[in-house]
Amino acid sequence: MKFINIFTLILVIVGGLNWGLVGLFSFDLVAAIFGVGSGLARIVYILVGLSAAWQIIPLFSVMGSGEFAAGQNR
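Residues numbered from 1 in each chain as written. Predicted model: local features only at pLDDT ≥ 70, side-chain atom pairs only at ≥ 80, totals over all residues. Heavy atoms only, no water.

Enquirer: Before we move on, could you go through the side chain of Asn18 and cite the residues and values that matter?
Expert: When you line up the elements, Asn18 lands in helix 1 (residues 2–25). Judged by relative accessible area, Asn18 falls into the buried class, the value being 7%. There is a polar contact of 3.0 Å between the side chain of Asn18 and the side chain of Asp28. Within the local environment of Asn18, its side chain forms a polar contact with the backbone nitrogen of Val30, the two atoms lying 3.4 Å apart. Here Asn18 is in contact with Phe27, Asp28, Leu29, Val30 and Tyr45, once residues within four sequence places are set aside. (Helix = DSSP H or I, 4+ residues; strand = E, 2+ residues; numbered from the N terminus. Buried < 20%, exposed > 50% of the residue type's maximum accessible area, 1.4 Å probe, protein only. Polar contact = N/O pair within 3.5 Å; in protein donor to acceptor, adjacent residues only side chain to side chain. Contact = heavy atoms within 4.5 Å.)

The following block contains the structure:
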């Protein structure tokens, strides 16, 4: 389970950085590497989206444990 959490978190970070490049410079790094509209680029986008959905699980887990609220009182 730890491996999948780290892997999906890395993909979410890659996706976030890619969106930052799109927003700042209108440059899509994934499309530049794999080709605009290519099957590989679509797979990367799908994996990033699934990774974001997967990362909701640890977020709710932390929020439910009270650890999230405890960290705000520092």
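Next, the rest of the story.
Enquirer: Which residues make up the packing of aromatic side chains, and what are the values?
Expert: Following the criterion strictly, the structure yields 1 aromatic pair and no others. With a centroid separation of 5.9 Å and an interplanar angle of 15°, the aromatic rings of Phe3 and Phe7 are classed as stacked. One end of the pair, Phe3, and the other, Phe7, are both in helix 1, 4 residues apart, so they sit about a helical turn from each other. Overall, Phe3 belongs to the exposed group, its relative accessible area being 65%. (Phe/Tyr/Trp six-rings, centres within 6.5 Å; stacked < 30°, edge-to-face > 60°.)

Enquirer: Mind laying out a nonpolar patch on the surface, listing which residues take part and the relevant values?
Expert: Together, Leu24, Phe25, Phe27, Leu29, Ile33, Phe34, Leu40, Ile43, Ile46, Leu47 and Leu50 make up a nonpolar patch on the protein surface, roughly 1,100 Å² of accessible area in all. Of all elements in the fold, only helix 1, helix 2 (29–34) and helix 3 (39–54) reach the threshold of two or more residues within the nonpolar patch. Ranked by the residues each element gives to the nonpolar patch, the list is headed by helix 3, at 5 residues. Topologically, Ile43 is positioned in helix 3. (Patch = residues over 30% accessible without salt bridge, like charges linked within 9 Å, V, L, I, M, F, W, Y side chains within 5 Å. Areas by Shrake-Rupley, 256 points an atom, 1.4 Å probe, with all protein chains shown as cover. Salt bridge = Lys/Arg side-chain N within 4 Å of Asp/Glu carboxyl O.)

Enquirer: Which residues make up unusual backbone geometry, and what are the values?
Expert: Despite not being glycine, Ser26 shows a phi value in the positive range, around 55°. Summarising the element assignment, Ser26 is placed in the loop between helix 1 and helix 2.

Enquirer: Outline the side chain of Gln55, supporting the account with residue identities and numerical values.
Expert: Along the chain, Gln55 falls in the loop between helix 3 and helix 4 (56–65). Under the relative-accessibility criterion, Gln55 is labelled buried at 18%. Looking at Gln55, its side chain comes within polar contact range of the main-chain oxygen of Asn5, at 3.0 Å. Once residues lying within four places of it in the same chain are set aside, the contact partners of Gln55 are Asn5, Thr8, Leu9 and Val12.

Enquirer: An account of the environment of Ile4 is requested, with residue identities and associated values reported.
Expert: If you trace the backbone, Ile4 turns up in helix 1. Along the backbone, Ile4 and Trp54 are 50 residues apart, and their C-alpha atoms lie at a distance of 9.0 Å.

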